[in-house]
Amino acid sequence: MRIGIDIDGVLNDIAEWHFACGSKFCLENNINRGFNPSGYYMEEQFYLTPDENNEFWRQYIFDLLIAIPPRPYASEVIHRLRKDGHKIIILSARDNQYLINHYEGMIDFYVKSWLDKYNIEYDELIINSQNKRDKCLEGKFDIMIEDKPINIERIRKIIPVFVFDAPYNQGMNGSNVIRVYSWYQIYQEIVSKFAAVEIL
């Protein structure tokens with residue numbers, strides 16, 4: 001099978017990172033407008049102004065790019081999937097405006113460096129893709145592992161989506177939606193539910 005895998009929220013736990021770094025930033029900057037765990041973006045979660053959001057990313061962008069670790073067993077499971085004959089396509093939007101505005105030419109470099117640092121194997125890497133549904137169609141993906149609600153809703157209409165559980169995607173359900181909580185659960189789901197799919 002051809003398996004699409006997102007980075008932020010799937011290979012790493014972006015929600016935990018947002019909550020940890022966002023609360024620290026707000027405390028240090030005297031920002032106390034409450035907290036919305038169901039928001040997807042930092043400014044939604046902490047009710048940041050555009051200037052505050054830009055300052056957050058100025059301070060923390062390299063922590064996201066370099067320091068945030070992958071989820072437990074992500075590398076191990078992906079290695080097993082490739083050993084089983086599946087093709088792994090990393091498909092990421094990496095749509096943070098601060099990143100795009102200031103480091104556009106280096107997005108590929110930082111993503112590849114992070115994947116190499118944590119021994120995450122892949123057969124193809126697609127970065128800064130704003131329309132994942134079309135990429136799934138063009139790449140003839142069999143399944144996609146995703147966390148962002150809008151992507152889940154679009155992609156589930158064409159292929160099954162493994163939804164990595166997060167506070168902001170609790171409303172995502174229905175046909176072609178399989179909620180997952182760990183990388184070894186993903187492996188078990190693929191082996192048990194998709195074993196009959198021909199491996200390309």
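Scroll up to find the structure.
Heads up: these notes are all about the structure in this document.

What counts and how
Residues numbered from 1 in each chain as written. Predicted model: local features only at pLDDT ≥ 70, side-chain atom pairs only at ≥ 80, totals over all residues. Heavy atoms only, no water. Helix = DSSP H or I, 4+ residues; strand = E, 2+ residues; numbered from the N terminus. Contact = heavy atoms within 4.5 Å. Buried < 20%, exposed > 50% of the residue type's maximum accessible area, 1.4 Å probe, protein only. Pairing = 2+ DSSP bridges. Salt bridge = Lys/Arg side-chain N within 4 Å of Asp/Glu carboxyl O. Core = buried A, V, L, I, M, F, W, Y, C linked by side-chain atoms within 4.5 Å.

Mapped onto the elements, Y73 comes out in the loop between α3 (50-67) and α4 (74-83). Taking the C-alpha atoms as reference, Y73 lies 8.3 Å from S182; in sequence the two are 109 residues apart. Beyond its immediate sequence surroundings of up to four residues, Y73 is in contact with W183 and Y184.

Residues V177 and R179 line one face of strand β6 (residues 177-180) and the alternating positions I178 and V180 line the opposite face, and both faces are buried. In this structure, strand β5 (residues 161-164) lies alongside β6, joined through four bridges in parallel fashion. Within β6, the position partnered with F162 by the bridge is I178.

For the coordinates displayed, the defined rule picks out 13 salt bridges. Across the pair K24 and E28 runs a salt bridge, and its minimum N-O distance is 2.8 Å. Of this pair, K24 and E28 both sit in helix α1 (residues 14-28), four residues apart, which is roughly one turn of that helix. Judged by relative accessible area, K24 falls into the partly exposed class, the value being 43%. Notably, a salt bridge pairs E153 with R156, separated by 3.1 Å at the nearest N-O pair. The class of E153 is partly exposed, set by a relative accessible area of 29%. Look at the salt bridges and you will find they share partners, linking D6, K132 and E146 into a network.

Counting 50 residues, the largest nonpolar core has I3, I5, L11, W17, I145, F162 and W183 as the members making the most contacts within it. In contact with F162, not counting residues within four places along its chain, are I143, M144, I145, E146, I178, V180, I186, E189, I190 and F194. If you look at the next biggest cluster of nonpolar residues, it comprises 13 residues, including I89, C136, M144 and M172.

The next point concerns the environment of S113. In this structure, S113 sits in helix α6 (residues 107-117). Put simply, S113 and D142 are 29 residues apart on the chain and 27 Å apart in space, counted from C-alpha to C-alpha.

Further remarks concern the side chain of S92. Along the chain, S92 turns up in strand β2 (residues 87-92). A relative accessible area of 1% means that S92 is categorised as buried. Residues contacting S92, with those up to four places away along its chain left out, are D6, I7, I126, I127, N128, S129 and K132.

Its identity is not glycine, yet N119 carries a phi of approximately 55°, on the positive side. Structurally, N119 can be placed in the loop between α6 and β3 (124-127). With relative accessibility at 57%, the residue N119 sits in the exposed group. The phi dihedral of K140 is positive, around 55°, even though this residue is not glycine. One can find K140 in the loop between α7 (132-138) and β4 (143-146).

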